[in-house]
Amino acid sequence: MFGKRKNQTMTAPQSSYWQRLKKDLVKNRIAYLMFLPVLLYYLIFCYKPMYGLIIAFKDFSPAKGILNSPWAKNFGLNHFIEFFGSVYFTRLIKNTLVISITNLLVTFPAPIILALLLNEVRSKKYKGVVQTLTYLPHFISMVVICSMVRLFVGEGGFITQILDSMGIVDGRYSMLSQKEYFVPIYVLSGLWQTIGWSAIIYISALSGVDQELYEAARIDGANRWKQTIHITLPSIMMTIIMMLILRIGTIMSVGYEKIILLYNPGIYETADVISSYVYRKGLLESNWSFSAAVGLFNSLINLFLVLGANKITKKVTDMGLW
């Protein structure tokens, strides 16, 4: 008797949960139908391809397929061991971190500052013009952006000529042929391309700040700077923290598209990163297993960075992604 009651007690919440789920599916069927394409996209293009990560532990051959390809030596870890012992390992990690951290320090606060400045503008016409001009580079193709950058900083380019007149660079040579200029070019061109688009989320967050808080602050004698420090920034702090955690999680993932469109073998010492190395080994040299191992290692580092950043921010600010 007691056992029967216990089973009934345990199954009751389960049945009620499925009933609530069924009722919610019927009630919000339009919302679920709208969400279905997004779910299918991630299942097909993000989760299903993870099956292919097996080749990181095998000596993959397209003729044999993934399952029939032999396992790599050292219990499937041979490609990881080969990468860790490679002469390029230290250089790739260093370049990836230098470019990513510099990019983070420059391009992360810039959209926040732009959003705060635009929030102070009272002329809607001027505000709209500034927003449009800063948004436009985001919609330009990466190939076109890199072609423009090559023209600007190349031999005879207007940026090269300006810096040459200031005695900073030698205008007879392209700046992209000199390894010390690659990181500044990469970061500043990325800032120009993304600052307006990245500011959208902060502008949206600022539009939701209660205006009565500003009125109360003005009555207490707070100027615009104090209102920004004590009202505006705390109001959008959750958004800033969320975006920061997501950016930290991509520190090791410098996009290879822009890198391979800008770099050349003469500046590999400062320009070659993990993603461009994976591109060369996997697609140009057809070393698929090795490149998959390097990419998997990179993804695991990013995962730990996200988890660590979220844990630290929760301890410091009591706010996090989860």
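Since the model is a prediction, treat every value here as computed from it, not as a measurement.

A. A look at the layout of surface pockets. Of the pockets and cavities examined, the largest pocket occupies roughly 600 Å³. Forming the boundary of the largest pocket are 23 residues, of which N103, T107, Y186, R247 and T250 lie nearest the centre. Per element, the largest residue contribution to the lining of the largest pocket is six residues, and it comes from helix α10 (residues 182–207). Along the lines of polarity and charge, the residues of the lining of the largest pocket split into 10 nonpolar, 10 polar and three charged. There is about 500 Å³ of room inside the second largest pocket. Along its surface, the second largest pocket is lined by 19 residues, and S275, V278, G295, N298 and S299 are the ones closest to its centre.

B. Local environment of the packing of aromatic side chains. Applying the stated criterion across every chain, the model contains 19 aromatic pairs. Measuring from ring centre to ring centre gives 6.2 Å for F83 and F290, while their planes differ by 75°; the resulting arrangement is edge-to-face. Taken together, the residues F83 in helix α4 (residues 78–84) and F290 in helix α17 (residues 288–317) connect sequence positions 207 residues apart. Judged by its relative accessible area of 2%, F83 falls in the buried class. By relative accessible area, which is 2% here, F290 ends up buried. Seen in terms of ring centroids, F84 and F89 are 5.6 Å apart; in terms of plane orientation they differ by 75°. Their pairing is edge-to-face. Ring-pair connections join several aromatic residues into one group, and the members of that group are F83, F84, Y88, F89, Y277, F290 and F297. A cation over an aromatic ring shows up here: K258 above the ring of Y186, its NZ or CZ 4.6 Å from the ring centre.

C. Broad picture of the packing of helix α6 (residues 109–120) against helix α7 (residues 124–135). At a minimum axis distance of 10 Å, the contact between α6 and α7 shows a crossing angle of 160°. Our classification of the angle between α6 and α7 gives roughly antiparallel. The handedness of the crossing between α6 and α7 comes out as left-handed. Residue-level inspection shows L114, L118 and N119 of α6 in contact with α7, the latter providing K127, V130, Q131 and T134. Partitioned by chemical class, the residues of the contact of α6 with α7 number three nonpolar, three polar and one charged.

D. Representation of the pattern of salt bridges in the model. According to the stated counting rule, one finds six salt bridges in the structure shown. Of the charged contacts in the structure, one is a salt bridge between R280 and D272, with a shortest N-O distance of 2.8 Å. For the salt bridge of E285 with K281, the shortest nitrogen-to-oxygen distance reads 3.0 Å. Note on E285: relative accessible area 47%, which makes it partly exposed. Residue classification places K281 among the buried positions, given a relative accessible area of 16%. By sharing partners, the salt bridges in this structure join R91, D272 and R280 into a single network.

E. Broad picture of unusual backbone geometry. For N74, which is not a glycine, the phi torsion comes out positive at approximately 60°. We classify N74 as partly exposed; its relative accessible area is 42%. Even without being a glycine, F75 presents a positive backbone phi close to 60°. Relative to the elements of secondary structure, F75 occurs in the loop between α3 (65–68) and α4. When its relative accessible area of 86% is taken as the criterion, F75 is described as exposed.

F. Representation of the environment of A222. Structurally, A222 is set in the loop between α11 (211–219) and α12 (224–235). Once the C-alpha coordinates of A222 and I55 are considered, the two residues, 167 residues apart in sequence, prove to be 61 Å apart. Not counting the four nearest positions on each side in its chain, A222 is found in contact with A217 and Q227.

G. Looking closely at the nonpolar core. Formed by 22 residues in total, the largest nonpolar core has its most connected members in I99, M175, F182, I185, Y186 and I259. Listed by contribution, the elements that provide at least two residues to this core are α8 (142–153), α10 and α14 (256–262). No other element matches α10, which puts five residues into this core. Counting 19 residues, the second largest nonpolar core, distinct from the first, contains L104, F108, L118 and A199.

H. Structural context of the environment of I195. With respect to the element layout, I195 can be found in helix α10. It is 7.7 Å that separates the C-alpha atoms of I195 and Y135, two residues lying 60 residues apart in sequence. Discounting chain neighbours no more than four positions away, the residues touching I195 are A110, P111 and L114.

Conventions adopted
Numbers given to residues run from 1 along each chain, matching the order in which its sequence is written. Restriction of local features to residues with pLDDT of at least 70 applies here, the model being predicted, together with a cutoff of 80 or more for giving and counting side-chain atom pairs; totals for whole chains, interfaces and linings are based on all residues. The basis for every side-chain value is the complete set of heavy atoms in the structure, and neither hydrogens nor water enter the calculation. Using only the protein atoms, space was sampled on a 1 Å grid; points where a 1.4 Å probe fits but cannot get out form cavities, open sets with protein on both sides within 12 Å along at least five of seven lines form pockets, and lining residues are those with an atom within 4 Å of a point. Grid points are joined across faces, edges and corners, and a volume is the space filled by probe spheres set on the points. Secondary structure elements follow DSSP: runs of H or I no shorter than four residues count as helices, runs of E no shorter than two count as strands, and numbering proceeds from the N terminus. Residues are grouped as follows: Ala, Val, Leu, Ile, Met, Phe, Trp, Tyr, Cys and Pro are nonpolar; Asp, Glu, Lys and Arg are charged; all remaining types, including Gly, are polar. Ring pairs shown here join Phe, Tyr and Trp side chains whose ring centres sit within 6.5 Å, with only the six-membered ring taken for Trp; geometry is labelled stacked below 30 degrees between planes, edge-to-face above 60, and tilted in between. Under the scheme applied here, a residue whose accessible area is under 20% of the maximum for its type counts as buried, over 50% as exposed, and between as partly exposed, the area being computed with a 1.4 Å probe on protein chains only. Throughout this description, the term charge over a ring refers to an Arg CZ or Lys NZ atom that lies within 6 Å of the ring centre and within 35 degrees of the ring normal. All axes here are fitted lines through C-alpha atoms, helices being fitted over the stretch that makes contact, and every angle between N-to-C directions spans 0 to 180 degrees. Note on terminology: angles under 35 degrees are roughly parallel, angles over 145 are roughly antiparallel, angles of 65 to 115 are roughly perpendicular, and the others are oblique. Each helix crossing is assigned a hand: it is left-handed if the near helix lies turned anticlockwise from the far helix by less than a right angle, otherwise right-handed if that turn is clockwise. In what follows, residue pairs with any heavy atoms lying within 4.5 Å of each other are defined as contacts. For this document, the term salt bridge refers to a Lys or Arg side-chain nitrogen within 4 Å of an Asp or Glu carboxyl oxygen. Only buried residues count toward a nonpolar core. Its members are Ala, Val, Leu, Ile, Met, Phe, Trp, Tyr and Cys residues joined through side-chain atoms within 4.5 Å.

In short, the description is geometric, and any link to function would need to be established separately.
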